[in-house]
Amino acid sequence: MMVRVLLPAHLRALARVDGEVKVEIEEPATQRNVLDAVEASYPMLLGTIRDHATQQRRAFLRFFACERDLSHESPDALLPEAVASGEEPLLVIGAVAGG
Amino acid sequence: MSQVRVLVGTRKGAFILTSVGKRENWNVSGPHFAGWEIFHLKGSPVDPNRLYVSQSSGWSGQVVQRSNDGGATWETVGNKFLYEGVPGTHQWYDGTPHPWEFKRVWHLEPSLTDPDVVYAGAEDAALFRSNDGGKNWEELAGLRKHGSGPHWQPGAGGMCLHTIILDPSDAKRMYIAISAAGAFRTDDGGKSWIPINQGLRSEHIPDPTAEVGHCVHHIAMHRDRPEVLFMQKHWDVMRSDNAGDLWTEVSGNLPTDFGFVIDVHAHEPETIYVVPIKSDGEHFPPDGKLRVYRSRSGGNEWEPLTKGLPQSNCYVNVLRDAMAVDALDKCGVYFGTTGGQVYVSPDAGDSWTPIVRDLPAVLSVEVQTLP
């Protein structure tokens, strides 16, 4: 299935992409599968969304979709059907922080 | 005609400043990696177009970039900095054990002989090496597992390994410095390390002459005399004439011996430069006067260099990796400030001119002298 992901601006610049990226994933549609696919397509993003050592989401990034904050969901929880179907993107958001 | 390429890391990107040997007119390229903190960038001595960049952000951690064409284009290389084995703990600010956690790379030091070999100094303090141009990194864990490691504490800027010096006369000898553990030397290519802090005295630690625990800010060496080292400690300017086995203070007549940078003239091994900073609580020049001090006697006797530098109302800092020299004759000296200025002296410090005035806060300055 094809999933849409919108990266924050600094990671779009790092990955040299404009706008959303689309990645093909195996079922089920989970955060882990989506991020694995994003990192496989854009290896320069390895370690920038999830910490290399812990595989935990970086503290100042959050995951949103369908007007829900999914940041604290299990990485193996199912994403909303609208994300799995490609109707809505998974949003990777940089926290408004730093003054 | 010779050229110089000045590599500037800032809080919000990297800049590359180039000029011909007169060093009067400059081309400014950048920002590269706009918005990211660029702690350090440095070129390979054997392939000057091979550049390495440490790029980091509070949002997305560490990235390493590499260029094979002098900074015209870049490619992302490896950023997997994993401590060997179980990382263990060091001391936190309050003295309690704290797990070793990788945060960022402060300094990248390319090999003197192989453009694909590069060392990275990390926070929390550790030394990594890549043998494949930055794609993969392996910790030289003998340093962190030196017996004193659990007692190391961070300085105010974090527990960073910020200085890496490769001995041009001995491929197995290397020096590193950590805030606030001190200086260390290896004589076997990084397998084992000894602390080289004898002679340092730090009044702010429980034992002022302890084997480790000193807040070393920077160390410099002249390649023709690799056994002679110069150090800007938190307080005190020091020198060692025996590869760090013993240090003696050479602060002499400096107005204050606090500071961050120290460097050595390219052709005169006893000519050294520092930028005195008022104190650890007031990170700006004394009396609002930005002065580089030069010693032509390897320390103790210092002269202020002020021509072209602001002598009133100047309250910038000059951070530890933000001074460098070129190899032209006359030797050029360069430094960057937290106010975003990068100054050049094309006459070994006698006079200064800003190359740029309004960059983001400067974190590092390196210079390449190109044919």
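Residues numbered from 1 in each chain as written. Chains lettered and ligands numbered in written order. Predicted model: local features only at pLDDT ≥ 70, side-chain atom pairs only at ≥ 80, totals over all residues.

Peer 1: Would you take a moment to explain the overall build of chain B for this structure?
Peer 2: When helices and strands are tallied, chain B shows one helix and 30 strands. Based on the C-alpha atoms only, the size of chain B along its principal axes is roughly 50 × 45 × 40 Å. By the burial criterion, 54% of the 371 residues in chain B qualify as buried. Taking the contacts inside chain B whose residues are at least 6 apart along the sequence as the reference set, 49% of them involve residues at least 24 apart. (Helix = DSSP H or I, 4+ residues; strand = E, 2+ residues; numbered from the N terminus. Buried ≥ 20, exposed ≤ 12 C-beta atoms within 10 Å, placed from the backbone. Contact = placed C-beta atoms within 7 Å.)

Peer 1: Would you mind showing me how to read the sheet that holds strand E22 (residues 258-264) of chain B here?
Peer 2: One key point about sheets: their strands pair by backbone hydrogen bonds, in either a parallel or an antiparallel sense. All names here are of chain B. In spatial order, the strands read E22-E23-E24-E25; together these four strands make up an open sheet with antiparallel pairing. Strands with a single pairing partner mark the edges of an open sheet, and in this sheet they are E22 and strand E25 (303-305). Each neighbouring strand pair of the sheet contributes to a mean axis angle of 30 degrees, computed without reference to strand direction. (Pairing = 2+ DSSP bridges. Axes fitted to C-alpha atoms, helices over the stretch in contact; angles between N-to-C directions.)

Peer 1: Looking at this structure, how should I read the sheet that holds strand E3 (residues 27-32) of chain B?
Peer 2: Residues and elements named next belong to chain B. The four strands are arranged E3-E2-E1-E30 in an open sheet whose pairing can be described as antiparallel. Lying at the two open borders of the sheet, with one neighbouring strand each, are E3 and strand E30 (362-370). Strand after strand, the sheet turns through a mean of 15 degrees between neighbouring axes, direction not considered.

Peer 1: Whenever I open this one, the environment of Thr 76 of chain B confuses me. Can you help?
Peer 2: Following the sequence through the fold, Thr 76 of chain B ends up in strand E7 (residues 75-76). Sequence-wise, Thr 76 of chain B and Tyr 52 of chain B are 24 residues apart; in three dimensions their C-alpha atoms are separated by 9.9 Å. Look past the residues within four positions of Thr 76 of chain B in its chain and what remains in contact with it is Leu 14 and Met 44 of chain A together with Val 63 and Gln 65 of chain B.

Peer 1: Explain the interface of chain A and chain B to me, please; I cannot follow it from the model alone.
Peer 2: How big an interface is tends to be reported as the loss of accessible area on association of its parts. In this complex, chain A contributes 16 residues to the contact, which on the side of chain B involves 14 residues. Element by element, the count of residues in the side of chain A that touches chain B is highest for helix H1 (residues 9-15) of chain A, at three residues. Grouping the constituent residues of the side of chain A that touches chain B by class yields eight nonpolar, six polar and two charged. (Nonpolar A, V, L, I, M, F, W, Y, C, P; charged D, E, K, R; others polar.)

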